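As a plain string of letters, each chain reads:
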Amino acid sequence: MKQIPFAKVVCDGNELAYIREVLESGWLTTADKAHRFEKEFRDLIKVRYAYAVNSCTAALHLALEALGIGTGDKVLVPTMTFTATAEVVRYLGADPVFLDVEYGSCLVTDKILNQALADHPDAKVFMPVHYGGQAAKISEADGTGLFDICRAKGVRMVEDAAHAFPARCNGRMVGEIGDVACFSFYANKTITTGEGGMLTTNDEKIAQRVKIMRLHGINRDAWDRYTSNKVSWEYDVVAPGFKYNMPDTAAAVGLAQLERAEFLRKERERCARFYLDRLEGFDCIDLPLLHVPMSDHAWHLFHIILKDDSPVPRNQFIELMAERGIGTSVHYKPLHRMTYYREHYRLQPEDYPNAERIWKGCVSLPIYPSLSEEELEYICTNITEILK
Ligand SMILES: Cc1ncc(COP(=O)(O)O)c(C=O)c1O
């Protein structure tokens, strides 16, 4: 029997060479590699500012803080996401308002957003999640894009782009369009630094605040002081900031991964094409609903949704796959079902009909560059046997 894990990292580029350079440099925390990683990410996204941090969660927190979000403010977030999207809202004493998503794509649509803004005209920020690596429709020529809607209503947009590098929306990179975008380089993401994240923005005010707040609210970073020509130990603390900087050991891995980002994305696309082709004819499963060309999708996740008439329910399907050596996962148990959010905000499942339908049947299949055709064939054959 084969053993196919749900996720597997590929680090066969310059990762080791760059880490060696860091170890030999005598300076392991944020320095040259992190600055290079930021510059190259910025150039790739075509955005004015990019800040490397130690997680996407940190980036999301910094983004909301920089926008001045505080106690009692309302922030719109999809229910179909990881807790990080909503927990950062709570860090600041603000309240997440949970939105349903479109069945199949798991994305917030213009219709859902317009309704939410009508119900909550005082909402300050909307946080779209580019679920699985497919960009939500943030920018549309006819003005129905999520960012266009936000702008017209004076609502700021913080994109949770944890899954969405490299991904495009209407030919532009995710990160180039909205107010702020936050990316994750957690170990199972399309490019990784082990743990890490990046915040991108074109807004100078946001950028200045993020730069300071990611390192204790200090007005000069340690590398700047260390490398300065002038004898200058002095620094000032201008706000009670956070410790969110990315060390150079992590940035070294990120730089090497970035060099191969499009190759790694294409390899994931190869897996997605295989699944779409082989799983097409099944009446009892729904495949991901795609709104973007295959090549604009980051393909962090590939989910299938087992329908009510599936011969086996979702949890049993996962167990049967595990018995055959195939790792799977669930993205997500929606936040309205998580104890904290459910109890704190008295959330009712019937208010999220699409997320409920998705969650009852959703299974994420293995998708990563080193997954061979033989392994993909094994996975699809086993799905066929289980569902026949
Ligand atoms: C949608 C979403 N947002 C945010 C995060 C947080 O990312 P990180 O682990 O880099 O903080 C994740 C993590 O997987 C995620 O899936």
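Refer to the preceding data block for the structure.
Described in the following lines is the structure provided in the data block. Everything numeric in this text was worked out from a predicted model, so none of it was measured.

## Here's the deal with the pattern of salt bridges
Right, on to step 1. Scanning the entire structure with this criterion turns up 26 salt bridges.
Right, on to step 2. Between Glu21 and Lys33 there is a salt bridge whose closest N-O contact spans 2.7 Å. In this pair, Glu21 sits in helix α1 (residues 15-25) while Lys33 sits in helix α2 (residues 32-45), placing the two residues 12 residues apart along the sequence.
Right, on to step 3. A salt bridge links Arg265 to Glu269; the shortest N-O distance between them is 2.8 Å. Taken together, the residues span about one helical turn, with Arg265 and Glu269 both in helix α10 (residues 261-278) at a distance of four residues.
Right, on to step 4. Note on Glu269: relative accessible area 8%, which makes it buried.

## Things to note about the nonpolar core
Generally speaking, a soluble globular protein has its nonpolar side chains buried in company with each other.
Right, on to step 1. Membership of the largest hydrophobic core comes to 103 residues, with the highest contact counts inside it found for Phe37, Phe126, Met127, Val158 and Phe183.
Right, on to step 2. Sorting elements by how many residues they give to this core places helix α3 (residues 56-66) first, with seven residues.
Right, on to step 3. Leu279, Ile285, Leu320 and Leu376 belong to the second-largest nonpolar core, a separate cluster that totals 32 residues.

## Considerations on helix α5 (residues 110-119)
Right, on to step 1. Every buried residue of α5 is listed here: Ile112, Leu113, Ala116 and Leu117. Buried residues along α5 cover an arc of 130 degrees about the axis, so they all sit on one side. Turned more than 90 degrees away from the buried face of α5 sit Lys111 and Ala118, all of them exposed.
Right, on to step 2. On its buried face, α5 sits against β2 (74-78), β3 (95-99), β4 (125-126) and α6 (146-153).

## Quick word on unusual backbone geometry
Right, on to step 1. With an omega of -10 degrees, the peptide bond between Phe165 and Pro166 qualifies as cis.
Right, on to step 2. Within the secondary structure layout, Pro166 lies in the loop between β5 (156-161) and β6 (168-169).
Right, on to step 3. Residue Tyr332 follows His331 across a cis peptide bond; omega there is 5 degrees.
Right, on to step 4. With respect to the helices and strands, the residue Tyr332 is situated in the loop between α11 (314-323) and α12 (339-345).

## Topic: the packing of α11 against helix α14 (residues 373-387)
Right, on to step 1. For the pair α11 and α14, interaxial distance at closest approach is 11 Å and the crossing angle is 130 degrees. Judged by the angle between their axes, α11 and α14 are oblique. Our pair here, α11 against α14, has a crossing hand that is right-handed. The residues of α14 that touch α11, namely those facing Phe317, Leu320 and Met321, are Ile379, Ile383, Ile386 and Leu387.
Right, on to step 2. Considering only residue class, the contact of α11 with α14 consists of seven nonpolar, no polar and no charged.

## Remarks on α1
Right, on to step 1. Taken together, the buried positions of α1 are occupied by Glu15, Tyr18 and Val22. Down the axis of α1, the smallest arc covering the buried residues is 75 degrees, so these residues share one side. Residues of α1 that are exposed and point more than 90 degrees away from the buried face comprise Leu16, Arg20, Leu23 and Glu24.
Right, on to step 2. Residues of α1 that are buried in the fold lie against α2 and α9 (248-259).
Right, on to step 3. Phi turns positive, to about 85 degrees, at Gly26, one or two residues after α1.

## Quick look at the sheet that holds strand β11 (residues 302-306)
Right, on to step 1. If you walk across this open sheet you meet the three strands as β10-β11-β12, and the pairing is antiparallel. Each edge of the sheet is formed by a strand with only one pairing partner; in this case those strands are β10 (285-286) and β12 (362-365).
Right, on to step 2. Bridge count between β10 and β11: two bridges; the pairing is antiparallel. Along β11, the bridge assignment pairs Ile285 with Leu306.

## Here's the deal with the environment of Leu258
Right, on to step 1. Looking at the secondary structure, you find Leu258 in helix α9.
Right, on to step 2. For Leu258, a relative accessible area of 7% gives the class buried.
Right, on to step 3. Not counting chain neighbours up to four residues away, the residues in contact with Leu258 comprise Phe37, Glu40, Phe41, Leu44, Phe165 and Ile191.

## Concerning the environment of Ala250
Right, on to step 1. Tracing the sequence through the fold places Ala250 in helix α9.
Right, on to step 2. A residue is classified by how much of its surface remains accessible, and Ala250, at 10% relative accessible area, is buried.
Right, on to step 3. With 213 residues separating them in the primary sequence, Ala250 and Phe37 have C-alpha atoms 10.0 Å apart.
Right, on to step 4. In this structure Ala250 touches Thr193 and Glu195, once residues within four positions along its chain are discounted.

How each quantity is defined
Residues numbered from 1 in each chain as written. Predicted model: local features only at pLDDT ≥ 70, side-chain atom pairs only at ≥ 80, totals over all residues. Heavy atoms only, no water. Salt bridge = Lys/Arg side-chain N within 4 Å of Asp/Glu carboxyl O. Helix = DSSP H or I, 4+ residues; strand = E, 2+ residues; numbered from the N terminus. Buried < 20%, exposed > 50% of the residue type's maximum accessible area, 1.4 Å probe, protein only. Core = buried A, V, L, I, M, F, W, Y, C linked by side-chain atoms within 4.5 Å. Arc of directions from axis to C-beta. Contact = heavy atoms within 4.5 Å. Axes fitted to C-alpha atoms, helices over the stretch in contact; angles between N-to-C directions. Parallel < 35°, antiparallel > 145°, perpendicular 65-115°, else oblique. Left-handed = near helix turned anticlockwise from the far one by under 90°. Nonpolar A, V, L, I, M, F, W, Y, C, P; charged D, E, K, R; others polar. Pairing = 2+ DSSP bridges.

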